[in-house]
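Fold and geometry: a report
Each chain is listed here by its residues.
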Amino acid sequence: MLMTAAASVRRRSALFMPASNPRAIAKARELACDVVILDLEDAVAPNAKLAARGAAVAVEGFGAREWAIRLNALDTPWGLDDAAAVSQSRAQAAVLPKVGCVDDLAAARAALGEHGPPIWAMIETCGAILQLPAIVAAAAATRTELLIAGTNDLAKEMRCRPGTDRAPLVPALATIVTAARAANLAVLDGVCNALHAPERLAAECAQGAMLGFDGKTLIHPSQIDIANRAFAPAVEEIAWAQEVIAAFDSPANADRGAIQLGGAMVERLHLDEARRIVRWAAA
């Protein structure tokens, strides 16, 4: 996996956990995931949403792990109150579901407040895919820092049958990555629903890494190790990066824009990539 400028923070594994489950919240502090997302939306029943909100905003943090709270959509009975509460919390980001256009981001920014946490936007509708250029163009103004592919809802709206290779979703996934990179945003792949099929999760993670995602959203702790391995630079990638850095550090190559290394042409753009890989691996 080649690292990008947006991947300066490790987000290999982002675990959704229901904010209505105090045992799950406590357990998250012992898990190896890079990111914890406390969920107020899909994982929480309507009659438990108020209690879940209170539990989520009371959280102090998860140690070194980055953490966020997923709101209910702003057009639901809970969305605006979720945003107001999250704006006063210690959460490092607010995950906004069903982002379909720039107006959704603007409304969320207004609800969260100018100094509230940044937005992580879920792209999970056909309309959102078509609006991606405008959505990412508004990222700076709305303090949107990350896109998440909402593959379950997207597949439902497309009426497609993804299968184990997710072939019908690949064009949309690639579009989400392309849009994120154009705006220098981080980007996470959608969840894998198969809890007892590690081979399917591994295949999805490998596919996501190949497409350029920084990591994968997860729904169960058992999925963490597979995602962490898939989205970390492989041993051979680190070795390649170290070779590239050493080659360009040589006085003989100080003024050269491209060199031959291991039978391949390597340019200075690869040197930037090599340095990112080494820094990220060291982290």
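Look above for the structure.
This write-up is about the structure you can find in this document. (Residues numbered from 1 in each chain as written. Predicted model: local features only at pLDDT ≥ 70, side-chain atom pairs only at ≥ 80, totals over all residues. Heavy atoms only, no water.)

Another point: the overall build of the protein. Scanning the protein from N- to C-terminus turns up 13 helices and 10 strands. Taken over C-alpha atoms, the radius of gyration comes to 20 Å for the protein, in line with the 19 Å a tight globule of 283 residues would show. Projecting the C-alpha coordinates of the protein onto the three principal axes gives extents of approximately 65 × 40 × 40 Å. Across the 283 residues in the protein, those meeting the buried criterion constitute 50%. In the protein, 27 positive and 31 negative side-chain charges are present, and the distance between their average locations comes to 3 Å. (Helix = DSSP H or I, 4+ residues; strand = E, 2+ residues; numbered from the N terminus. Rg over C-alpha atoms; globule rule 2.2 N^0.38 Å. Buried < 20%, exposed > 50% of the residue type's maximum accessible area, 1.4 Å probe, protein only. Lys, Arg positive; Asp, Glu negative; His and termini not counted. Charge placed at Lys NZ, Arg CZ, Asp CG, Glu CD.)

The subject of this paragraph is the packing of aromatic side chains. The full count for this structure, using the stated rule, is one aromatic pair. Taking the ring centre of F62 as reference, the NZ or CZ of R29 above it sits at 5.1 Å. Sitting above the plane of the W78 ring, K49 keeps its charged end 5.0 Å from the centroid. (Phe/Tyr/Trp six-rings, centres within 6.5 Å; stacked < 30°, edge-to-face > 60°. Lys NZ or Arg CZ within 6 Å of the ring centre and 35° of its normal.)

A word on unusual backbone geometry. Notably, R166 is not glycine yet its phi reads approximately 55 degrees, a positive angle. The topology assignment puts R166 in the loop between α8 (151-158) and α9 (170-182). Positive phi, normally seen in glycine, also occurs at N184, with a value near 60 degrees. Residue placement: N184 occurs in the loop between α9 and β7 (186-189).

Another aspect to go through is the nonpolar core. Side chains of a nonpolar character, in soluble globular proteins, are inclined to be buried together. Ranked by internal contacts, the top residues of the largest apolar core, which has 63 residues, are L38 and L147. Sequence-distant contacts of L147, defined by excluding residues within four places in its chain, comprise A121, I123, L132, V136, I176, A180, L185, A186, V187 and L188. Counting residues in each nonpolar core, the second largest holds 14 residues, with A93, V95, I148 and V191 among its members. (Core = buried A, V, L, I, M, F, W, Y, C linked by side-chain atoms within 4.5 Å. Contact = heavy atoms within 4.5 Å.)

Take the side chain of T125 next. Counting through the fold element by element, T125 comes out in the loop between β5 (119-123) and α5 (126-130). For T125, a relative accessible area of 16% translates into the label buried. Beyond its immediate stretch of four places on either side in the chain, T125 contacts K98, V99, G100, L154 and E157.

Two elements, strand β1 (residues 13-18) and strand β8 (residues 215-218), share three bridges in a ladder whose sense is parallel. For L15, the partnering residue across the bridge sits in β8 and is L218. Inspection of the sheet shows β7 paired to β8 by two bridges, in the parallel sense. Considered in β8, the bridge of L188 is made with G215. On the question of chirality, the crossover connecting β7 to the parallel β8 by way of helix α10 (residues 198-211) is right-handed. (Pairing = 2+ DSSP bridges. Right-handed = clockwise from strand over helix to strand, strands pointing away.)

Another aspect to go through is the environment of V9. Note that V9 resides in the segment before β1. Accessibility expressed as a relative area gives 37% for V9, which makes it partly exposed. For V9, the residues in contact, after removing those within four places along its chain, are E66 and W280.

Since the α-helix advances by 3.6 residues per turn, residues separated by three or four positions end up pointing in the same direction. Relative to the 21 Å expected for 15 residues at 1.5 Å per residue, helix α13 (residues 268-282) spans 21 Å between its end C-alpha atoms, a close match to the ideal helical length. Every buried residue belonging to α13 is among L271, E273, A274, I277 and W280, and all of these are buried. Where α13 is buried, its residues meet α12 (235-249) and β10 (264-267). (Expected span 1.5 Å × (residues − 1).)

For the rest of this paragraph, the subject is the environment of V44. Inspection of the secondary structure puts V44 in the loop between β2 (35-39) and α2 (49-58). Separated by 162 residues in the primary sequence, V44 and A206 place their C-alpha atoms 30 Å from one another. If we ignore the near neighbours within four places in the chain, the residues touching V44 are A19, S20, D39, K49 and A52.

Another aspect to go through is α8. For α8, the set of buried residues is T151, L154 and A155. For α8, the angular spread of the buried residues around the axis is 100 degrees, confining them to a single face. Residues of α8 that are buried make contact with α5, β6 (144-149), α9 and β7. Two residues or fewer after α8 comes R159, characterised by a positive phi angle close to 60 degrees. (Arc of directions from axis to C-beta.)

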